[in-house]
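Chain by chain, the residues run as shown.
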Amino acid sequence: MARPNQARIDLAALRHNLGLARQLAPRSKAMAVVKANAYGHGALTVARELDPLVDALAVACLEEAQALRDAGINAPILLLEGVFEAAELEVAARQEIWITIDNELQLQWLESASPAQPLRCWLKLDTGMHRLGVPPDRAGKIYQRLRACRNAHPDIVLSTHFACADELRNDLTRAQLALFDDACRDLPGARSAANSAGVLAWPGSHYDWVRPGYMLYGNSPLDSDHPNTRALEPVMTLASAVISLRDVPTGETVGYGASWTAARPSRIATACIGYGDGYPRLAPNGTPVLVNGRRAGLAGRVSMDMITIDVTDLPGVSIGDEVILWGNGLPVGEIARHAGTIGYELTTRMPARTPRVVTVS
C-alpha cells in the first residue's frame, strides 16, 4: 500500500479564485501566472483547467512555455523575463509566445532577428522594484523603437511590477503607480501592473490586464487581513496520516536533537511526512497540524520522512487517522510564518515525491 502523503489539488477552488480575480477587476483581461510548476500545483493540470477561462498565461522562461505548448495549451503565453538569448526569439515566434522586453539588449536582439512572424511584446518599466524593466525616463524612446521594429507586433502592452503591494500601509505602491502613469501618459497601448496583491487590494492598479498568481491558488499575499482575501479557497491541501502512536513519560524527549521534552505524560502521534515530502524542516515545536480536523502541535524536529505530533489533548486518535499539514482549515501562510518563510516557497518546493491528486470539492 502506498504512503498516504498527497497534495490534493482542488480545481473547483482554482476556478473560484479566478472568478474572484475577475469580479475584483471586471474591466481587465486576466493573465494567470503558472510559472514554477504553477507554484507547485502542477503546471499542466492548472493550465489545462484555465486555458479556456483566461485571456493569457504567464511563465518565467521559454522552457516552461514550450512544455505547455507541447501539451496542447493554446492560450497566449507571456515570458515574464523575456528571452535569455537571441535564438529564443525564433522559437517564441513559431509557437506564438509573447515576450517581455526588459532591457535594450533584448530590444537589439529583436531588431536584428528574422522571426517567422512579428512577436507580441510587453515593455516593462522599472518603477521602483529595481529588478527588471527599462528606466521610466527611457520608456518613450524604447517604446518608439519597438513600434518601429518590423519584428514587433504593433499592439504593445506597457507593464510594471510592484515591490511592496503586499504591505497595505506602504506608500511605495502609490509612488510606483504615479511614476508608471507619468511615464506612460503619452504612450498608446494597454497597461498592466497588478499582481495578486494588486488585484486584491489596489484597485487603481488594475488597468487593462491583471496578472493573478498566488491568489489563484487560494492564498493571500497580503501582510494583514483584508475583506477580499476571505473569499479565497485553498487549491492545495497537503495530507498524510498517523502511522504510529506512543505514550511518553514526563521528562522524556522526542525526535532528533531531543528538542522537545514532555512536560506531562504525553501521547505522541507519528505521521509519515517530512522535509523530503515538502514539509519545512524549520517548522518548530508547536507548529499546528490538523488531526481528524482538530488542531495539534508538532513535538520534535521535522525529519526527512516523518513528523511527531503532540495529541495528548485529542482523545481517540488512531493509526490511519488523517493529518492535514496545510490547506482547508489551515492556511499555508500560517505554517510558513512558523517556519520563518512564505507560503510561496512551501508550495513551489513541493517535490515530485509527493503525488498531486486532483480533486473537485
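The present account deals with the structure reproduced in this document. (Residues numbered from 1 in each chain as written. Predicted model: local features only at pLDDT ≥ 70, side-chain atom pairs only at ≥ 80, totals over all residues. Heavy atoms only, no water.)

### Remarks on helix α7 (residues 139-148)
The complete set of buried residues in α7 reads A139, I142, Y143 and L146. One side of α7 holds all its buried residues, which, seen down the axis, span an arc of 105°. Exposed residues lying more than 90 degrees from the buried face of α7 are K141 and A148. In this structure, the buried residues of α7 make contact with β5 (97-101), α6 (104-112), β6 (119-124) and β7 (152-159). (Buried < 20%, exposed > 50% of the residue type's maximum accessible area, 1.4 Å probe, protein only. Helix = DSSP H or I, 4+ residues; strand = E, 2+ residues; numbered from the N terminus. Arc of directions from axis to C-beta. Contact = heavy atoms within 4.5 Å.)

### What to know about empty space enclosed by the protein
As enumerated under the stated definition, the model contains two cavities of 30 Å³ or more in all. Of the voids in this model, the largest cavity is the one considered here, and its volume is about 50 Å³. What lines the largest cavity is simply H41, Y217, N219, P234, V235, M236, W326, G327, P331, V332 and T347. Grouping the amino acids of the lining of the largest cavity by side-chain chemistry returns seven nonpolar, four polar and no charged. Here the second largest cavity defines a volume of roughly 40 Å³. What lines the second largest cavity is simply K124, L125, D126, T127, M129, R131, L132, T160 and H161. Broken down by class, the residue content of the lining of the second largest cavity amounts to three nonpolar, three polar and three charged. (1 Å grid on protein atoms, 1.4 Å probe; cavity = no way out; pocket = protein on both sides within 12 Å on 5 of 7 lines; lining within 4 Å. Points joined across faces, edges and corners; volume = space filled by probe spheres on them. Nonpolar A, V, L, I, M, F, W, Y, C, P; charged D, E, K, R; others polar.)

### Some remarks on helix α3 (residues 43-50)
Looking only at α3, the buried set comprises A43, V46, A47 and L50. In a view along the axis of α3, the buried residues occupy a sector of 95°, so they form one face of it. Along its buried surface, α3 packs onto α1 (11-24), β2 (29-33), α2 (35-39), β3 (56-59) and α4 (62-70).

### What to know about the pairing of strand β8 (residues 191-194)
Bridge count between β7 and β8: two bridges; the pairing is parallel. Following the sheet pairing, S159 is matched in β8 by S192. Across two bridges, β8 lies against strand β9 (residues 209-210) in parallel orientation. Each bridged residue has a counterpart across the sheet, and for A194 the counterpart in β9 is V210. (Pairing = 2+ DSSP bridges.)

### Some remarks on the pattern of salt bridges
Scanning the entire structure with this criterion turns up 20 salt bridges. For R94, the salt bridge is made with E90, and the minimal N-O distance between the two is 3.9 Å. With R94 and E90 both in helix α5 (residues 88-94), this residue pair falls four residues apart, about one helical turn. By relative accessible area, R94 is classed as exposed at 53%. Assessed through its relative accessible area of 25%, E90 is described here as partly exposed. (Salt bridge = Lys/Arg side-chain N within 4 Å of Asp/Glu carboxyl O.)

### Quick word on the environment of L179
By the element assignment, L179 lies in helix α8 (residues 172-184). L179 gets classed as partly exposed once you look at its relative accessible area, which sits at 33%. Along the chain, L179 and T250 lie 71 residues apart, while their C-alpha atoms are 62 Å from each other. The residues contacting L179, other than those within four sequence positions of it, are T127 and P136.

### Description of the packing of α1 against α3
Put simply, α1 and α3 touch, their axes get as near as 11 Å, and they point 55° apart. It follows from the interaxial angle that α1 and α3 lie oblique. The handedness of the crossing between α1 and α3 comes out as right-handed. Side by side, α1 and α3 meet where L11, L14, R15 and L18 of the first sit next to T45, V46, E49 and L50 of the second. (Axes fitted to C-alpha atoms, helices over the stretch in contact; angles between N-to-C directions. Parallel < 35°, antiparallel > 145°, perpendicular 65-115°, else oblique. Left-handed = near helix turned anticlockwise from the far one by under 90°.)

### A look at the side chain of T237
Following the sequence through the fold, T237 ends up in strand β10 (residues 236-248). Polar side-chain contacts of T237 include one of 3.3 Å to the backbone nitrogen of N328. Not counting residues up to four positions away in its chain, the partners in contact with T237 are Q6, A7, R8, I324, W326, G327 and N328. (Polar contact = N/O pair within 3.5 Å; in protein donor to acceptor, adjacent residues only side chain to side chain.)

### Section: the pairing of strand β17 (residues 322-326)
Where burial is concerned, most of β17 is hidden: four out of the five residues are buried. As defined by bridge partners, β10 adjoins β17 across four bridges and the pair is classed as antiparallel. The residue bridging A239 from the neighbouring strand is I324, located in β17. Judged from the two bridges that link them, strand β14 (residues 288-291) and β17 form a sheet pairing that is antiparallel. Within β17, the position partnered with V291 by the bridge is V323.

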